[in-house]
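Each chain, letter by letter, is given below.
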Amino acid sequence: MKKIIFSIAICLLAMNASAATPKSTQSPKGTVTLYCSQGFQGPEKWNKHAYKVDKNGYINIFDGSSFAGWRGYGKSYVPSRWIIDNGAMKFIGNKDEAAKGKEGGDIIFAHQFKNFEVSIDWKVAKGSNSGIFYLAKELTNKNGNIESIVVSGLESQVLDNANHPDAKLGKDGDRQSTSLYDLIPAKPQNQKPYGEWNNTVIRVQNGLVTHFQNGQQVLQYRLWTPEWIQLLQTSKFSEKSWPEAFAAFSEAGGPTHEGFIGLQDHGDDVWFRNIKVKVL
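Residues numbered from 1 in each chain as written. Predicted model: local features only at pLDDT ≥ 70, side-chain atom pairs only at ≥ 80, totals over all residues. Heavy atoms only, no water.

Give me the nonpolar core: which residues, what numbers.
The nonpolar side chains of a soluble globular protein tend to be buried with one another. Within the largest apolar cluster, 52 residues are counted, with the highest numbers of intra-cluster contacts made by Trp70, Tyr134, Leu154, Tyr221, Leu263 and Phe272. Per element, the largest residue contribution to this core is five residues, and it comes from strand β10 (residues 116–124). Leaving out residues up to four positions away in the same chain, Tyr134 has contacts with Phe116, Gly153, Leu154, Ser156, Leu180, Ile202, Val204, Val209, His211, Tyr221, Phe260 and Ile261. In terms of nonpolar packing, the next biggest core, distinct from the first, is built from six residues, Tyr73, Ile108, Phe133 and Ile149 among them. (Core = buried A, V, L, I, M, F, W, Y, C linked by side-chain atoms within 4.5 Å. Buried < 20%, exposed > 50% of the residue type's maximum accessible area, 1.4 Å probe, protein only. Helix = DSSP H or I, 4+ residues; strand = E, 2+ residues; numbered from the N terminus. Contact = heavy atoms within 4.5 Å.)

Break down the layout of surface pockets for me, citing the residues and quoting the values.
In this structure, the largest pocket occupies an estimated 200 Å³ of space. Lining of the largest pocket is provided by 18 residues; of these, Val150, Glu155, Tyr181, Lys236 and Gln264 occupy positions nearest its centre. Counting residues per element, the ones that place at least two in the lining of the largest pocket are β11 (129–136) and β13 (154–159). Tallying contributions element by element places β13 first for the lining of the largest pocket, with three residues. (1 Å grid on protein atoms, 1.4 Å probe; cavity = no way out; pocket = protein on both sides within 12 Å on 5 of 7 lines; lining within 4 Å. Points joined across faces, edges and corners; volume = space filled by probe spheres on them.)

Break down the packing of aromatic side chains for me, citing the residues and quoting the values.
Per the stated rule, a full pass over the model turns up ten aromatic pairs. Aromatic pair Phe237 and Phe249: ring centres 4.7 Å apart, planes at 35°, arrangement tilted. In this pair, Phe237 is assigned in the loop between α1 (226–233) and α2 (243–250) and Phe249 in helix α2, connecting sequence segments twelve residues apart. The buried category is assigned to Phe249, whose relative accessible area is 2%. Through a chain of ring-to-ring contacts, the aromatic side chains of Tyr51, Trp70, Phe109, Phe113 and Phe116 assemble into a single cluster. (Phe/Tyr/Trp six-rings, centres within 6.5 Å; stacked < 30°, edge-to-face > 60°.)

Mind laying out the pairing of strand β8 (residues 88–91), listing which residues take part and the relevant values?
The side-chain alternation of β8 yields two buried faces, one formed by Ala88 and Lys90 and the other by Met89 and Phe91. Two strands pair when backbone bridges link them, and strand β7 (residues 82–85) and β8 are joined in this way by four bridges, in the antiparallel orientation. Each bridged residue has a counterpart across the sheet, and for Trp82 the counterpart in β8 is Phe91. Connecting the antiparallel pair β7 and β8 is a turn made up of two residues, with Asn86 showing a positive phi of about 55°. Relative to strand β18 (residues 270–279), β8 is paired through three bridges, and the arrangement is antiparallel. The residue bridging Met89 from the neighbouring strand is Phe272, located in β18. (Pairing = 2+ DSSP bridges.)

Describe the packing of α1 against α2, and please don't skip the residues or the numbers.
The contact between α1 and α2 brings their axes to 10 Å, and the two run at 160°. By the angle between their axes, α1 is roughly antiparallel relative to α2. Both α1 and α2 take part in a crossing whose hand is right-handed. Contact with α1, carried on its side by Trp228, Ile229, Leu232 and Gln233, involves Phe246, Phe249 and Ser250 of α2 and no other residues of that element. When grouped by side-chain class, the residues that make up the contact of α1 with α2 number five nonpolar, two polar and no charged. (Axes fitted to C-alpha atoms, helices over the stretch in contact; angles between N-to-C directions. Parallel < 35°, antiparallel > 145°, perpendicular 65-115°, else oblique. Left-handed = near helix turned anticlockwise from the far one by under 90°. Nonpolar A, V, L, I, M, F, W, Y, C, P; charged D, E, K, R; others polar.)

Go over the environment of Lys187, please, and point to the residues and values.
Looking at the element boundaries, Lys187 is found in the loop between β13 and β14 (198–205). Not counting residues up to four positions away in its chain, the partners in contact with Lys187 are Asp172, Gln217 and Val218. Reaching out from Lys187, the side chain makes a polar contact with the side chain of Asp172 at a distance of 2.7 Å. (Polar contact = N/O pair within 3.5 Å; in protein donor to acceptor, adjacent residues only side chain to side chain.)

Go over the sheet that holds β11, please, and point to the residues and values.
The five strands lie next to each other as β6-β9-β17-β11-β13, forming an open sheet whose pairing is antiparallel. A single partner strand is all that each edge strand has here, and the edge strands are β6 (70–72) and β13. Across the sheet, the axes of successive neighbouring strands diverge by a mean angle of 25°, strand direction being ignored. Taken together, the three bridges between β6 and strand β9 (residues 107–113) define a ladder with antiparallel strand orientation. Residue pairing in the sheet places Gly72 in a bridge with Ile107 of β9.

Any chance you could break down the side chain of Asp174 for me, citing the residues and the numbers?
In this structure, Asp174 sits in the loop between β13 and β14. No salt bridge is formed by the buried Asp174, whose closest oppositely charged neighbour, Arg175, lies at an N-O distance of 4.7 Å. (Lys, Arg positive; Asp, Glu negative; His and termini not counted. Salt bridge = Lys/Arg side-chain N within 4 Å of Asp/Glu carboxyl O.)

Which residues make up the side chain of Lys137, and what values do they have?
Secondary-structure assignment places Lys137 in the loop between β11 and β12 (139–140). A polar atom in the side chain of Lys137 sits 3.5 Å from the backbone oxygen of Gly253.

Quick look at the structure:
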């Protein structure tokens, strides 16, 4: 198997930090302080942010008013085509005049989660495509250049099923919304149409992964098993077709089985809000 070099650009949740990581604090007032890496340059530079924790134990990692803790994948800042629009993150699509002269790219929350549940509301414009990544790593190739997030990040599809051609590609609907992209279809498919808010919940616990869409479980699978490897071998991420992705997906989350949550720039208008994570 081809060796993959994993970046050490990480963000650690205080309660799980190593001795070398700055200590965090959890306030009795319902907040937790997280230390997040400032960029793709190593863990020696940190930003400290306080996040609200709700009564169910979810950390609100996007408060609707700032990108605190977020940055571009492989970058130290949020690209300018990501804006805050009425309490939601919005990516400005290619067709929008406002996109001209502005920088795009995928974004991540600069914390690597291991066992967790993430809940995200999202909506798309007509014909739009995007994705929610998890267990993603900032990998470098043999030349030292950063790989795309799609090489390592497992993707929960975000799509206008009715109007985007990708919905009819792949196998058995495995490119429709909240599917594990190009691997496992979301069934039943209960997406709300473009312009309306949907909710996706992704739970990862000791290798058992479950996707929920609009309150209903739509798929479940287990990582790091022979069945997982066989599934990869019959997909676009096979060892023959895409060896870099196969290597990263086989050991999803790397040796520590943890990674970033990311949001995709696919060139289309998309909105995300109510982004919250519970550490399991």
